[in-house]
Amino acid sequence: MGALKGKDIVSALDFRREDVEELFKLADHLREEMKDEGVLSYGKGKVLATVFLEPSTRTRLSFTYAMIRLGGTVIDFGPEAASSRAKGESLEDTMLMVDGYGPDVIVLRQRTPGFAAKAAEICKAPVINAGDGWNEHPTQALLDVYTIWRELGRVDGIKVGIMGDLKYGRTPSSLSYLLSKFNNVTIYYIAPDPLQIRDEVVEKVKGKVRYYKVGRPDEVIEELDVLYVTRLQKERFPSPEEYERLKGSYRIDRDFLMRFKHIPIILHPLPRIWELDTSVDALPQAKYFEQARNGMYVRAALLKEVLGV
Amino acid sequence: MGALKGKDIVSALDFRREDVEELFKLADHLREEMKDEGVLSYGKGKVLATVFLEPSTRTRLSFTYAMIRLGGTVIDFGPEAASSRAKGESLEDTMLMVDGYGPDVIVLRQRTPGFAAKAAEICKAPVINAGDGWNEHPTQALLDVYTIWRELGRVDGIKVGIMGDLKYGRTPSSLSYLLSKFNNVTIYYIAPDPLQIRDEVVEKVKGKVRYYKVGRPDEVIEELDVLYVTRLQKERFPSPEEYERLKGSYRIDRDFLMRFKHIPIILHPLPRIWELDTSVDALPQAKYFEQARNGMYVRAALLKEVLGV
Amino acid sequence: MGALKGKDIVSALDFRREDVEELFKLADHLREEMKDEGVLSYGKGKVLATVFLEPSTRTRLSFTYAMIRLGGTVIDFGPEAASSRAKGESLEDTMLMVDGYGPDVIVLRQRTPGFAAKAAEICKAPVINAGDGWNEHPTQALLDVYTIWRELGRVDGIKVGIMGDLKYGRTPSSLSYLLSKFNNVTIYYIAPDPLQIRDEVVEKVKGKVRYYKVGRPDEVIEELDVLYVTRLQKERFPSPEEYERLKGSYRIDRDFLMRFKHIPIILHPLPRIWELDTSVDALPQAKYFEQARNGMYVRAALLKEVLGV
């Protein structure tokens, strides 16, 4: 342990396999400790600054719960509209300000792809990227793979279908990068052509995972250990018309799944809208609420390691 | 004591008279302890999740102060617009997420009448309803009756006028339900016909309180121990025109009150707009700011009991 | 010490010189203590209520960090739009409510010039004015003069140019008032006529500081120890047209400064938009980020003194 102390977490590519496995074990350990004690004392006297310049709940809340349950304190930047960013301040100045108050770690979400790296460079405190536009969301990948690891008992050799809006989503890229740290993983990218995975992502996992692009989920579902469903994020589409035209193609419900002999475990970063029907919730393979809960433990583990406490 | 441990608080009808009286005594006790010590330690290591999906200040702040002064921690969901609810997530999924992070108690306000009961069913943590549309607001009723109990020394046998928008308000229904737990209470519902109390409310208190519907406050004011004024909540009206047409009928000011030989104590859930004039503030019968302050103590008592600490 | 215990801080004129100097020394002392321990224990069991009814980040965050690092707790009112103020509640009622929950100190920003004094009158808790419209912002002046004191080693006898929107800004008035507590200070008010310093400000410093009104920064820059740049606050202009017409006149960049033999230290209350170019950031005279950081320490000192802990 100790390898992540003081480190920025900008990309899922930053993690080494051994770091990831240590984090998973630590998350399991913290889960037990929190069950017994509620609030621990590792984080005492430490301050987490959360800066969310895009709407978020799950990520912001799970980092907040994680820090509070570690015994630390959270100071939130507040909604962008109520901030001096409404006066036109640059992102750089905003981050210099937040960092200047001396938080022990910063969690940042904002719209500009690549700005998380810039923020990490500017700030003295370690910066954890909680989403930089369509680029990356490395801690989401951590909780995704942590859930796979807990549910299947392994990550090596698994077959994962990642479905939905792969082009504009940051979750598919970070998940691909983290899976590429393990051995012999196969990824099926399930999306219509205009929403297929970006070339830059494929470039980075080439030679490390086996991957296929497929057009529809029914083509591969019986092959899969994991079906990872994502939203068609309306706000990332070029136009509302394009959103309406494509959204019908990808929707998972109970009836669809029951057509297959083998049903993979179903994950989803949430929030879901229409693409994952509530009729799936009662199936034993539905693991997305568990996945969301896992986020709190693996983020607590990450905070503990980055803080070095 | 101990009867409320782990219980959801969805409706004012859920309380038994003895629970209510115990809460009032505990509120008085906590008031003394907080006077001496500021922040107590009953809530240490406990987390309250506040979820307010409608504008609120008084209720949210008084729960927050209550939990902090008990020594606990509060994690707020944040404004709806800054959350993933803006992406179209269902209320059910939102509550599953919040509950999944393991708060010890949840305080929820949202727009859908009856959803508080649904949330209580979904969530492992006890859910306290802080307003579900026009339906109920049981902790407001607690602080209303607590104020009456402190000011008059009793609740049995009192005569209460509830005035204003009784149809669309959640405060009049919860107050009626809580008063119905006491003996020999008389309620005068003072409102124009289109805003009179809903039938479902009358059904539930019938036989437990004596009640009358009256058209104007001057008809009954000398009968009353308590005049409970409420806002005509603009946002609940079918149209702005209907709001403008009716709002003139009900307005209490000093000159109006001074016409009577006997002036009852004046309560109001606040915020007030024009229906309760600031000229009333200096009268000894004006108890609405005291009432707001009482909210913090009685909510602290409720949290302590629900948490079982 | 002890002179500020329980005091409202409404205007920079409220401070005596000896209080200010004690605060600066205490700020330096707390800086050292916080370096060693992170979170101190002076504020244990104390609650700061922050009420920001105008967009703000720096002031709200620095007070929040200050209170947390003192070991206290902060309860934020939340964004105005999510509050019952959206229902039309008066400022007076809002403050009575906040004060009623018993915070140990209140920090208030709102739009109405002079309302901070009214709030101080209404509330039992000490009220710290964090900006009342174009009127005053006394703790900003504290951190400005604290930065001068640290950078120059003295305040007596210095020459300060205050530039930009002096008419609609609250920072220039509070800074002038605080500087007037020291000996032999010269102020150059650098602004076009329609944005020159308000007469009421000049009236209050007359005879205490030497002052000149000048039209352009290049006329005086070599005279100055400090150049204090301020934003032309768009939201305070009578019209967008007037904003566009005037904004071009006042802009500091590296090339401009390098024309002079002597460059004063450059301060700015931040956020900056276009009036202070990022090319200045690398100059040794650029002290505005240091100035922002200083805000946390001097506000911690002020909170400690007002709380009397």
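As the structure is a computational prediction, the values presented were derived from the model and not from experiment.

A. Representation of the overall build of chain A in the model. Of the regular secondary structure elements, chain A holds 10 helices and 9 strands. In terms of overall size, chain A behaves like a compact globule, its C-alpha atoms giving a radius of gyration of 19 Å where 309 residues would be expected to give roughly 19 Å. C-alpha extents for chain A along the principal axes are approximately 55 × 45 × 35 Å. Going through the 309 residues of chain A one by one, you find that 63% of them count as buried.

B. Representation of the relation of the copies chain A and chain B. If you rotate chain A by 120° and push it 0.0 Å along the axis, it lands on chain B with an RMSD of 0.0 Å. Interpreted geometrically, this transformation is the action of a three-fold axis. Here only 4% of the contact residues of chain A are again contact residues in chain B; the copies associate through non-equivalent surfaces.

C. Spotlight on the domain arrangement of chain A. Residues and elements named next belong to chain A. Under the domain assignment, chain A is made up of domain 1 (12-137 + 295-307) and domain 2 (138-292). If you average the C-alpha positions of domain 1 and of domain 2, the two centres end up 24 Å apart. Where domain 1 abuts domain 2, roughly 2,800 Å² becomes buried across the two surfaces, and 60% of that area is made up of carbon and sulfur atoms. Counting across the domain 1 and domain 2 interface gives 4 salt bridges. As a salt-bridge pair, Arg 170 and Glu 54 come within 3.3 Å of each other at their nearest N and O atoms. For the pair domain 1 and domain 2, the number of links is 19 residue pairs in polar contact (both at pLDDT 80 or more).

D. Focus on the packing of aromatic side chains. All names here are of chain A. Within the structure shown, the criterion is met by 24 aromatic pairs over all chains. Aromatic side chains Tyr 146 and Trp 149 sit 6.1 Å apart centroid to centroid with 25° between the ring planes, which places their arrangement in the stacked category. Residue Tyr 146 and its partner Trp 149 are both found in helix α5 (residues 138-152); the two are separated by 3 residues, about one turn of the helix. Each of the two residues, Tyr 146 as well as Trp 149, counts as buried. A centroid spacing of 5.3 Å and a plane angle of 25° characterise the contact between Tyr 188 and Tyr 212, whose relative ring orientation is stacked.

E. Summary view of the side chain of Asp 19 of chain B. Position of Asp 19 of chain B among the secondary structure elements: in helix α1 (residues 17-37). Beyond its immediate sequence surroundings of up to four residues, Asp 19 of chain B is in contact with Ala 3 and Leu 4 of chain B.

F. Just the sheet that holds strand β1 (residues 47-52) of chain B, in detail. All names here are of chain B. Strands sit in the order β2-β1-β3-β4 across an open sheet of 4 strands; the sheet is parallel. Each having just a single partner strand, β2 (73-76) and β4 (127-132) make up the two edges of the open sheet. Taken pair by pair, the neighbouring strands of this sheet meet at an average axis angle of 15°, ignoring direction. Where strand β3 (residues 105-110) meets β4, 4 bridges bridge the pair, whose relative direction is parallel. Bridge pairing links Gln 110 to Asp 132 in β4. Contacting β1, β3 and β4, helix α10 (residues 288-307) runs over the sheet at an angle of about 130° to β3.

G. Here's a closer look at the relation of the copies chain B and chain C. Rotating chain B by 120° and moving it 0.0 Å along the rotation axis overlays it on chain C with an RMSD of 0.0 Å. A different interface surface on each copy is seen, since only 4% of the contact residues of chain B are contact residues in chain C too.

H. Expanded view of helix α2 (residues 58-69) of chain C. Residue and element names in this part refer to chain C. Spanning 12 residues, α2 covers 16 Å between terminal C-alpha atoms, matching the ideal 16 Å at 1.5 Å per step. Most of α2 is tucked away, with 12 of its 12 residues classed as buried. When we look at burial in α2, the residues that qualify are Arg 58, Thr 59, Arg 60, Leu 61, Ser 62, Phe 63, Thr 64, Tyr 65, Ala 66, Met 67, Ile 68 and Arg 69. A positive phi of about 95° marks Gly 71, the residue just after α2.

I. Seen up close, the interface of chain A and chain B. Taken together, the contact pairs 23 residues of chain A with 26 residues of chain B. Interface of chain A and chain B: buried area, both sides summed, is about 2,200 Å²; carbon and sulfur atoms make up 61% of it. For the chain A face of the interface with chain B, the top three residues by lost area are Thr 57, Arg 58 and Tyr 65 of chain A, together amounting to 24%. For the pair chain A and chain B, the number of links is 2 salt bridges. Residues Arg 58 of chain A and Glu 89 of chain B are paired through a salt bridge, measuring 2.3 Å at the closest nitrogen-oxygen approach. For the interface between chain A and chain B, the tally reads 5 residue pairs in polar contact (both at pLDDT 80 or more).

J. How the structure looks around the interface of chain B and chain C. Each partner contributes to the interface: chain B provides 23 residues, whereas chain C provides 26 residues. Carbon and sulfur atoms make up 61% of the area that chain B and chain C hide from each other, which totals about 2,200 Å². Summed over the three residues of chain B that lose the most area to chain C, namely Thr 57, Arg 58 and Tyr 65 of chain B, the buried surface amounts to 25% of that side. Here chain B is connected to chain C by 2 salt bridges. Mapped by element, the contributors of at least two residues to the side of chain B that touches chain C are α2 (58-69) and α10 of chain B. Looking at which element gives the most residues to the side of chain B that touches chain C, the answer is α2 of chain B, with 8 residues. Looking at the side of chain B that touches chain C, its residues break down into 11 nonpolar, 4 polar and 8 charged.

K. Looking closely at the confidence of the model for chain A. Per-chain confidence: chain A averages 94 in pLDDT, with 96% of residues scoring 70 or above. For this predicted complex, the interface score ipTM comes out at 0.93, while the overall pTM is 0.94.

L. Region of interest: the packing of helix α5 (residues 138-152) of chain C against helix α10 (residues 288-307) of chain C. Residues and elements named next belong to chain C. Where α5 contacts α10, the two axes come as close as 8 Å, and the packing angle between them is 115°. Taken together, the axis directions place α5 and α10 in an arrangement best described as roughly perpendicular. Read as a crossing pair, α5 and α10 show a hand that is right-handed. Together, Thr 139, Gln 140, Leu 142, Leu 143, Asp 144, Tyr 146, Thr 147, Arg 150 and Glu 151 of α5 and Glu 290, Gln 291, Asn 294, Gly 295, Tyr 297, Val 298, Arg 299 and Leu 302 of α10 make up the contact between the two elements. For the contact of α5 with α10, the class distribution of residues is 6 nonpolar, 6 polar and 5 charged.

M. Broad picture of the sheet that holds strand β7 (residues 210-214) of chain C. Residue and element names in this part refer to chain C. The 5 strands lie next to each other as β7-β6-β5-β8-β9, forming an open sheet whose pairing is parallel. This sheet does not close on itself; its edge strands, each paired only once, are β7 and β9 (265-267). Neighbour to neighbour, the strand axes of the sheet diverge by 20° on average, direction disregarded. Pairing of strand β5 (residues 159-163) with strand β8 (residues 226-229) involves 4 bridges; the strand directions are parallel. The partner of Met 163 across the bridge, within β8, is Val 229. Strands in contact with α5 are β8 and β9; relative to β9, the strand with the most contacts, it is inclined by about 165°.

Quick notes on the rules
- Residues numbered from 1 in each chain as written.
- Chains lettered and ligands numbered in written order.
- Predicted model: local features only at pLDDT ≥ 70, side-chain atom pairs only at ≥ 80, totals over all residues.
- Heavy atoms only, no water.
- Helix = DSSP H or I, 4+ residues; strand = E, 2+ residues; numbered from the N terminus.
- Rg over C-alpha atoms; globule rule 2.2 N^0.38 Å.
- Buried < 20%, exposed > 50% of the residue type's maximum accessible area, 1.4 Å probe, protein only.
- Least-squares fit on C-alpha atoms with pLDDT ≥ 70 in both.
- Contact = heavy atoms within 4.5 Å.
- Domains from an automatic or database assignment.
- Buried area = accessible area lost by both parts, 1.4 Å probe.
- Salt bridge = Lys/Arg side-chain N within 4 Å of Asp/Glu carboxyl O.
- Polar contact = N/O pair within 3.5 Å; in protein donor to acceptor, adjacent residues only side chain to side chain.
- Phe/Tyr/Trp six-rings, centres within 6.5 Å; stacked < 30°, edge-to-face > 60°.
- Pairing = 2+ DSSP bridges.
- Axes fitted to C-alpha atoms, helices over the stretch in contact; angles between N-to-C directions.
- Expected span 1.5 Å × (residues − 1).
- Nonpolar A, V, L, I, M, F, W, Y, C, P; charged D, E, K, R; others polar.
- pLDDT = per-residue confidence, 0-100.
- Parallel < 35°, antiparallel > 145°, perpendicular 65-115°, else oblique.
- Left-handed = near helix turned anticlockwise from the far one by under 90°.

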